[in-house]
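# Overview (structure and organization)
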Amino acid sequence: NKEDLGATFNKALAKFESDEAKNEIHIVKKALEENEKYAHKQIHSLLPKDDHLTSFFEDAFALYKPVNNLGGVFYWFGTTEDNQGVLVAIDCNEKGVKGALLTMLFETALKEVIYKKKLNNTTAILNSLDTHFKEHLSTLDSGNDSVGYNVSVVVVDKEKQIVTFSGANQNLMYLDANNDIEVAE
């Protein structure tokens with residue numbers, strides 16, 4: 001994370017006596033920080049805007065507080081041709097730059113699954129995402145560095161007043177009619 005990176009650079013700086021070496025390390029540190037800021041902005045640009053959520057849900061908000069500044073955890077919202085809302089939450093075991101890249105891959109895959117394949121069944125969406133990533137990530141896995149991810153898919157049909165859920169290693173928490181928290185597995 002950013003604090004560890006800063007501490008590492010500061011320790012390295014203390015070991016070097018020459019101003020030239022210190023200057024070079026500062027340049028590298030600044031470039032890394034600028035790249036991280038840019039990647040952070042790119043990931044945030046993929047998240048649904050509040051007005052996109054409230055155009056479908058009357059009273060909605062999203063709280064996005066990832067542990068790491070970069071990648072690996074995100075949510076996505078879209079609507080189908082028949083006006084069903086599709087909400088997806090994804091947590092990759094990769095963080096940092098790898099997680100940011102996976103986030104972008106997931107966002108692209110979701111658009112393909114929802115808009116091109118026109119899937120609106122939660123299980124079909126989950127299976128399609130899984131197949132997509134098994135195909136595309138098999139070339140990226142090396143040794144023991146297998147990529148893992150947890151996915152939740154919710155489809156809301158407002159006309160029929162039906163909410164469906166499928167999850168891979170995640171559950172759905174919701175409030176029942178008595179405002180008690182319930183868990184769907």
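Residues numbered from 1 in each chain as written. Predicted model: local features only at pLDDT ≥ 70, side-chain atom pairs only at ≥ 80, totals over all residues. Heavy atoms only, no water.

### Considering the overall build of the protein
For the protein, the count of helices and strands is five helices and six strands. From first element to last, N terminus to C terminus, the protein shows the α and β order α-α-α-β-β-α-α-β-β-β-β. Looking at the protein residue by residue over its 185 residues, the buried ones come to 32%. Of all intrachain contacts in the protein linking residues separated by at least 6 positions in sequence, the fraction that spans at least 24 positions is 49%. Taken as a whole, the protein presents about 12,200 Å² of accessible surface, with 51% of it coming from carbon and sulfur. (Helix = DSSP H or I, 4+ residues; strand = E, 2+ residues; numbered from the N terminus. Buried < 20%, exposed > 50% of the residue type's maximum accessible area, 1.4 Å probe, protein only. Contact = heavy atoms within 4.5 Å. Areas by Shrake-Rupley, 256 points an atom, 1.4 Å probe, with all protein chains shown as cover.)

### Re the pairing of strand E6 (residues 181-184)
Looking at chain direction, strand E5 (residues 172-175) and E6 are connected through four bridges and run antiparallel. Bridging from a neighbouring strand, Tyr174 pairs with Glu182 of E6. (Pairing = 2+ DSSP bridges.)

### Looking at the side chain of Thr122
With respect to the secondary-structure elements, Thr122 resides in helix H5 (residues 122-137). Here Ser166 takes part through its side chain, which lies 2.7 Å from a polar atom of the side chain of Thr122. Those residues in contact with Thr122 that sit more than four places away from it in its chain are Val153, Val154, Val155, Thr164, Phe165 and Ser166. (Polar contact = N/O pair within 3.5 Å; in protein donor to acceptor, adjacent residues only side chain to side chain.)

### Overview of the packing of aromatic side chains
With the rule as written, the count across this model stands at eight aromatic pairs. Centroid distance Phe106 to Phe133: 3.9 Å. Interplanar angle 25°. Geometry classified as stacked. Taken together, the residues Phe106 in helix H4 (residues 96-116) and Phe133 in helix H5 connect sequence positions 27 residues apart. Here the two residues Phe106 and Phe133 agree in accessibility, since each one is buried. What links up through ring pairs into an aromatic cluster is the set Phe74, Phe106, Phe133 and Tyr149. When the ring centre of Phe56 is taken as reference, the NZ or CZ atom of Lys158 above it lies at 4.6 Å. (Phe/Tyr/Trp six-rings, centres within 6.5 Å; stacked < 30°, edge-to-face > 60°. Lys NZ or Arg CZ within 6 Å of the ring centre and 35° of its normal.)

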